[in-house]
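For reference, the chains in residue letters:
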Amino acid sequence: MAGGTGRMRRKGDLPSKTCAACGLPFAWRKKWARDWEQVKYCSDRCRGAKAA
Ligand SMILES: [Zn+2]
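The structure presented is a predicted model; accordingly, all values stated were derived computationally and were not measured.

Asks: I'm lost on the environment of Trp 28 in this one. Help?
Replies: Considering the arrangement of structural elements, one finds Trp 28 in the loop between strand S2 (25–27) and helix H1 (44–48). C-beta crowding within 10 Å serves as the criterion here: with 14 such atoms nearby, Trp 28 is assigned to the partly exposed category. Through-space distance from the C-alpha of Trp 28 to that of Val 39 is 9.4 Å; in sequence the pair is 11 residues apart. Those residues in contact with Trp 28, other than ones at most four positions away along the chain, are Leu 14, Pro 15, Ser 16 and Trp 36.

Asks: Please clarify how the environment of Val 39 should be interpreted in this entry.
Replies: Mapped onto the fold, Val 39 is located in the loop between S2 and H1. In this structure, the C-alpha to C-alpha distance between Val 39 and Cys 19, residues 20 residues apart in sequence, is 8.7 Å. Setting aside chain neighbours within four positions, we find Val 39 in contact with Lys 17 and Trp 32.

Asks: Please explain the environment of Lys 40 as it appears in this structure.
Replies: Tracing the backbone through its elements, the reader meets Lys 40 in the loop between S2 and H1. Considering only alpha carbons, one finds Lys 40 and Thr 18, 22 residues apart in sequence, at a separation of 7.4 Å.

Rules behind the numbers
- Residues numbered from 1 in each chain as written.
- Predicted model: local features only at pLDDT ≥ 70, side-chain atom pairs only at ≥ 80, totals over all residues.
- Helix = DSSP H or I, 4+ residues; strand = E, 2+ residues; numbered from the N terminus.
- Buried ≥ 20, exposed ≤ 12 C-beta atoms within 10 Å, placed from the backbone.
- Contact = placed C-beta atoms within 7 Å.

Next up, the structure:
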């Protein structure tokens, strides 16, 4: 493809991150729409999990 600027974002291609607790990748969720940049964990469970 020519003339593209940066990465193409396809429909349904949601951003994703890696969970800081379990290390698994997780995708953007609607409930994180307001503070996605601050989300570090894939779930409440991981958020509550501290170094065991
Ligand atoms: Zn996790």
